[in-house]
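What follows is each chain in one-letter form.
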Amino acid sequence: MKKETVTTNQITEGVIWKQLLLFFFPIVLGTFFQQLYNTADTIVVGRFVSKEALAAVGGSAAQIVGLIVGFFVGLASGASVIISQFYGAKDRAQLNRALHTAYAFSIIGSIFITALGILTAPWMLELMHTPQETMADALLYLRIYFAGIIFVFIYNVGSSILRAMGDSRRPLYYLIVCCILNIVLDIVLVIVFHMGVAGVSIATIFSQGVSAVLVTRALMRSDDLYQLEFQKIRFHKSALISLIWVGCPTGIQSVLYSVTNMLIQTFLNNLGTDTVAAWSAFGKIDSLYWMVNNAFGIAVTTFVGQNFGAGKYDRMKKSVRIGLCMGLCTALTLTLIFYNFGTPLFRLFTSDENVVSIGMQMLHHVAPAYCLFVFIELLSGALRGTGDVVIPMLITCFGVCLLRIAWLFFIVPLAPGLNTIVLSYPVTWAITAVMFIVYYCYRAKKWPKSSAKKTT
């Protein structure tokens, strides 16, 4: 088989801010296209089916998908961290063991999740008090999605492995292909063939299948330190233990994020279909911020992981400082954009003025707090890059999850309504950000001085 030669970003060398941006932009553009094809689903059903279909795709079903996929992506991050460290240390043998173990994990995990998801989907939707007028569509969407979740898992683990080794360009190219394909299929299946919610779910899974094939092909054709070979896909004990040790806390953290979001969705479901539809549309607008923030988090985690493996500790610290400055500037810019253009953005999803009005209420409470989450995302990512995952998980569980649950059950009853529910986000972000700043400063002081060349 012909091999492809790829020059990856030299993360352990060069001027940090330039290398960080070179690595960051393909990630954020890739995430943008990933969000775009997800957003295309909601735009198509919201504009060409009904607001009930919009609530079905973007409401409880979206939260359940986020719970399952988020847990796996968290586990996969364990593979990306240890792979970035092995790559930084140029340890070919351990690198390839981790690569094949990660693929085995994604295949076995997807089979289990498919069966579990299809069987428990009705129960999960009932548990979240999903409105009856959206129940049938939400159930259909979930079952089709779970049937093809192996493609979602393989793409996510494959692309995270490529990024861990400094290749953030090819995941971008594959997502562009996937996005275009998904939008075309959405239009054909929903607008032309009138397949409704089934059409957008089939389009999403088929597109993910194509991206999974492309990312797998890239790993098989590499002539770098790594190469995927089907006959070698299996569990390696040491790699599996490391993957679980590093990835499981992140996976648990992601699950708790999703559980609290599902709980908030449950509270919002009680406020009616218009509120659920507004929350669905808000989630897609809000995702523009999250894609940028998550891209900075991935970039910082990879930078810290590779430089940690190479013993360049001063470079690790500087990359975190630069990443924070970039993240804060971007968060402030997006907040200003959302405040000024929020109404036309909501009208992309629905022409219902009440839904737009409710969505703007949500945006005005959440957007000003985006800067707070920059510290949570980037500092936890930096700590994860060094293999420090347990304490960050505990901080997140307490600050973002437990405090938010306490807010919903003790504060919301004192002042019931949309505003009080949504305020749980900025309040808990502020507390969690302070805890992360304190812990990161404590840990950074304990890192040794670099023995390598001076950082630039």
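Residues numbered from 1 in each chain as written. Predicted model: local features only at pLDDT ≥ 70, side-chain atom pairs only at ≥ 80, totals over all residues. Heavy atoms only, no water.

### A few points about the packing of aromatic side chains
Inference 1: Evaluation of the coordinates by the stated rule reveals 13 aromatic pairs.
Inference 2: Plain terms: the ring middles of Tyr141 and Tyr145 are 6.1 Å apart, the flat faces sit at 25° to each other, and that makes the pair stacked. Pair noted here: Tyr141 and Tyr145 are both in helix 5 (residues 132-147), with a separation of four residues, about one helical turn.
Inference 3: On the basis of relative accessible area, Tyr145 is assigned to the buried category, the value being 9%.
Inference 4: Where Tyr289 meets Trp290, the ring centres are 4.9 Å apart and the plane angle is 65°; that geometry is what we call edge-to-face.
Inference 5: By relative accessible area, which is 2% here, Tyr289 ends up buried.
Inference 6: Members of the aromatic cluster, joined through ring pairs, are Trp279, Phe282, Tyr289, Trp290, Phe338, Tyr370, Phe373, Tyr425 and Trp429.
Inference 7: Its end group placed over the ring of Tyr87, Lys90 keeps NZ or CZ at 4.6 Å from the ring centre. (Phe/Tyr/Trp six-rings, centres within 6.5 Å; stacked < 30°, edge-to-face > 60°. Helix = DSSP H or I, 4+ residues; strand = E, 2+ residues; numbered from the N terminus. Buried < 20%, exposed > 50% of the residue type's maximum accessible area, 1.4 Å probe, protein only. Lys NZ or Arg CZ within 6 Å of the ring centre and 35° of its normal.)

### A few points about the layout of surface pockets
A probe as big as a water molecule, rolled over the atoms, marks out the empty space that is left.
Inference 1: Considering only enclosed or pocket space, the largest pocket measures out at about 220 Å³ in volume.
Inference 2: Considering the residues around the largest pocket, the lining is formed by 16 residues, among which Asn96, His100, Gln227, Glu229 and Lys232 are closest to the centre.
Inference 3: Taken together, the residues of the lining of the largest pocket sort by class into three nonpolar, five polar and eight charged.
Inference 4: Of the pockets and cavities examined, the second largest pocket occupies roughly 190 Å³.
Inference 5: Leu36, Thr39, Leu288, Leu348 and Phe349 are, among the 11 residues lining the second largest pocket, the residues nearest its centre.
Inference 6: Secondary-structure elements contributing two or more residues to the lining of the second largest pocket are helix 1 (16-48) and helix 10 (273-310).
Inference 7: Here the element with the most residues in the lining of the second largest pocket is helix 1; it accounts for five residues.
Inference 8: Among the residues forming the lining of the second largest pocket, the class breakdown is eight nonpolar, two polar and one charged. (1 Å grid on protein atoms, 1.4 Å probe; cavity = no way out; pocket = protein on both sides within 12 Å on 5 of 7 lines; lining within 4 Å. Points joined across faces, edges and corners; volume = space filled by probe spheres on them. Nonpolar A, V, L, I, M, F, W, Y, C, P; charged D, E, K, R; others polar.)

### Focus: empty space enclosed by the protein
Inference 1: Applying the stated criterion across every chain, the model contains three cavities of 30 Å³ or more.
Inference 2: Here the second largest cavity is characterised by a volume of approximately 50 Å³.
Inference 3: The wall of the second largest cavity is formed by Pro249, Thr250, Gln253, Ser380, Arg384, Asp388, Val389, Pro392 and Met393.
Inference 4: Partitioned by chemical class, the residues of the lining of the second largest cavity number four nonpolar, three polar and two charged.

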